[in-house]
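Understanding the architecture of this molecule
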Amino acid sequence: VEAAAVGAAVHHRLAREAGYTEAQFIRLFHRYFGDTPKQCLLTLRMDKAKLLLRSTDLPVSEVAFHVGYTDPLYFSRLFHRRTGYTPRVWRTLGVC
């Protein structure tokens, strides 16, 4: 819910600034970048989380907060879906 609300607000604002409807903006973004804005944002957040997990001793809840999530459990579920590992296991294994 949290990510969907933020994503919708961002899509709407960016579309308006670019002079497109939200649907047009998402379609054009996907055409040029190969992913939706939401997926690009998720990739950026997860890449930053991987870096923080690898290079700091921050608790997972702090990593979640630093990459834009207020709910560490939701962050952990998303991280697991994207990487196949929970953040703690990923850190322990030193997966790159």
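Residues numbered from 1 in each chain as written. Predicted model: local features only at pLDDT ≥ 70, side-chain atom pairs only at ≥ 80, totals over all residues. Heavy atoms only, no water.

A short note on helix α2 (residues 22-33)
- Spanning twelve residues, α2 covers 16 Å between terminal C-alpha atoms, matching the ideal 16 Å at 1.5 Å per step.
- One or two residues past the end of α2 sits G34, with phi positive at roughly 80°. (Helix = DSSP H or I, 4+ residues; strand = E, 2+ residues; numbered from the N terminus. Expected span 1.5 Å × (residues − 1).)

Observations regarding the nonpolar core
- M46, Y69, F75 and F79 are the most contacted members of the largest nonpolar core, which has 15 residues in total.
- Those elements giving two or more residues to this core turn out to be α3 (37-55), α4 (60-66) and α5 (72-83).
- The leading source of residues in this core is α3, at five residues. (Core = buried A, V, L, I, M, F, W, Y, C linked by side-chain atoms within 4.5 Å. Buried < 20%, exposed > 50% of the residue type's maximum accessible area, 1.4 Å probe, protein only.)

Focus on the side chain of R45
- Mapping R45 onto the fold places it in helix α3.
- We classify R45 as buried; its relative accessible area is 13%.

Some points on α5
- Between its first and last C-alpha atoms α5 spans 16 Å; for twelve residues at 1.5 Å apiece the expected length is 16 Å, and the two agree.
- Between the side-chain oxygen at the start of α5 and the backbone nitrogen of L73 there is a gap of 3.0 Å, and the oxygen is on D71. (Polar contact = N/O pair within 3.5 Å; in protein donor to acceptor, adjacent residues only side chain to side chain.)

Notes on the pattern of salt bridges
- Inspection of the entire model under this criterion finds one salt bridge.
- As a salt-bridge pair, E17 and R13 come within 3.6 Å of each other at their nearest N and O atoms. Taken together, the positions of E17 and R13, both in helix α1 (residues 2-18) and four residues apart, correspond to about one turn of that helix.
- You can call E17 exposed: its relative accessible area is 56%. (Salt bridge = Lys/Arg side-chain N within 4 Å of Asp/Glu carboxyl O.)

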